[in-house]
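Here's the letter readout for the chains.
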Amino acid sequence: MEVKQAISEITSQLPATTRLVAVSKFHPAEMIREAYDCGQRIFGESHVQELQAKRATLPDDIQWHFIGHLQTNKVKYIVPYIDLIHAVDTPRLLQEISRQAERVGRQIPCLLEIHVAQEETKYGFTPQECLAYLASGEWRELNGIRLAGLMCMASFTEDEQQIAAEFSTAENLFNKVKKEFFAADPNFCERSWGMSHDWKIALQHGSTMVRIGSQIFGERNY
Ligand SMILES: *Cc1c(COP(=O)(O)O)cnc(C)c1O
């Protein structure tokens, strides 16, 4: 019941252009099933083994998104079914996803993770690195992937102005990248930003996907 209420409360506030990724990491398959029964179909996980185990017990029409830091040696386990990989943070990871996807005859949509937060531990391309990588054109040779947009995480802070500034950096970068590299590609359209504590701010900065966990499923027990 709580899951159901949380989902309808969130989805009723999302514009038609923004999708909800229900972040189910560390929560059991039964809770995913509860959200599924409310009509939720997109679920985000950030650990390969956990995803593999849950997926085996759940309906086939779930769209699984990988939202966490992905190690290159784990890519092969998820390429047969993953619908979107959010946090591609190095050219090498993108190459490996493409290589493994080609082996199974798939083309996997990927988002480049942009480092906008002040915390030093966050992964991702800086805006400059992102522009330089796209300008290199390397990604154009990768037939197993297609770039579908950008992803970011804002700083974990109460300071809403700082969060807004970080999302704004990501939004401006998206607009620039779209214009310079993907003007003719309607598939490059996703802006994955916004979590439980900051998704309303993210909506004001062009988010097309909010990744929400604890607000739906409660606190996680790590
Ligand atoms: C865990 C996680 C989320 C969801 O976080 P909540 O604060 O529980 O909404 C979103 N994005 C990423 C990348 C995550 O790892």
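Everything below is about the structure printed above this text.
All values reported here derive from a predicted model rather than from experimental measurement.

A.B. asks: Please clarify how the site of the ligand should be interpreted in this entry.
C.D. replies: All residues in the neighbourhood of the ligand are listed as V23, K25, I67, M151, M153, M195, S196, R211, I212, G213, S214 and R220. Within the side chain of K25, one N or O atom sits 2.6 Å away from an oxygen atom of the ligand. When the ligand is considered free in solution it has 390 Å² of accessible area, and contact with the protein chains removes 91% of it. Tallied by class, the residues present in the shell around the ligand amount to six nonpolar, three polar and three charged.

A.B. asks: Quick question: what am I supposed to make of the environment of K179 here?
C.D. replies: By secondary structure assignment, the location of K179 is in helix α7 (residues 160–181). Residue class for K179 comes out exposed when judged on its relative accessible area of 69%. Separated by 143 residues in the primary sequence, K179 and Y36 place their C-alpha atoms 37 Å from one another.

A.B. asks: How do you make sense of the packing of aromatic side chains when you look at a structure like this?
C.D. replies: Given two aromatic rings, their pairing is described by the distance between the two centres and the angle made by the two planes. Inspection of every chain in the model, using the stated rule, returns five aromatic pairs. Consider the rings of F174 and F188, whose centres lie 5.4 Å apart with planes at 10°: the pair is stacked. Remark: F188 occurs in the loop between α7 and β7 (190–192) and F174 occurs in helix α7; sequence separation between them is 14 residues. On the basis of relative accessible area, F174 is assigned to the buried category, the value being 4%. Overall, F188 belongs to the buried group, its relative accessible area being 1%. Ring centres of F182 and F188 lie 3.8 Å apart, and the angle between their planes is 5°; on these two criteria the pair is classed as stacked. When its relative accessible area of 3% is taken as the criterion, F182 is described as buried. An aromatic cluster of at least three residues, connected via ring pairs, comprises W139, F174, F182 and F188. The cationic tip of R55 hangs over the ring face of Y81; the distance from NZ or CZ to the ring centre is 3.7 Å.

A.B. asks: Please explain the nonpolar core as it appears in this structure.
C.D. replies: Within soluble globular proteins, side chains that are nonpolar tend to cluster in buried spots. Counting residues in hydrophobic clusters, the biggest one holds 63 residues, and the most contacted among them are I85, I97 and L147. A total of eight residues in this core trace back to one element, the largest contributor, which is α7. With sequence-adjacent residues up to four places away left out, I85 is seen in contact with F66, L70, I78, I97, I108, P109, C110 and L111. Counting 10 residues, the second largest nonpolar core, distinct from the first, contains V23, L84, A87 and M209.

The rules we used
- Residues numbered from 1 in each chain as written.
- Predicted model: local features only at pLDDT ≥ 70, side-chain atom pairs only at ≥ 80, totals over all residues.
- Heavy atoms only, no water.
- Near = heavy atom within 4 Å.
- Polar contact = N/O pair within 3.5 Å; in protein donor to acceptor, adjacent residues only side chain to side chain.
- Areas by Shrake-Rupley, 256 points an atom, 1.4 Å probe, with all protein chains shown as cover.
- Nonpolar A, V, L, I, M, F, W, Y, C, P; charged D, E, K, R; others polar.
- Helix = DSSP H or I, 4+ residues; strand = E, 2+ residues; numbered from the N terminus.
- Buried < 20%, exposed > 50% of the residue type's maximum accessible area, 1.4 Å probe, protein only.
- Phe/Tyr/Trp six-rings, centres within 6.5 Å; stacked < 30°, edge-to-face > 60°.
- Lys NZ or Arg CZ within 6 Å of the ring centre and 35° of its normal.
- Core = buried A, V, L, I, M, F, W, Y, C linked by side-chain atoms within 4.5 Å.
- Contact = heavy atoms within 4.5 Å.

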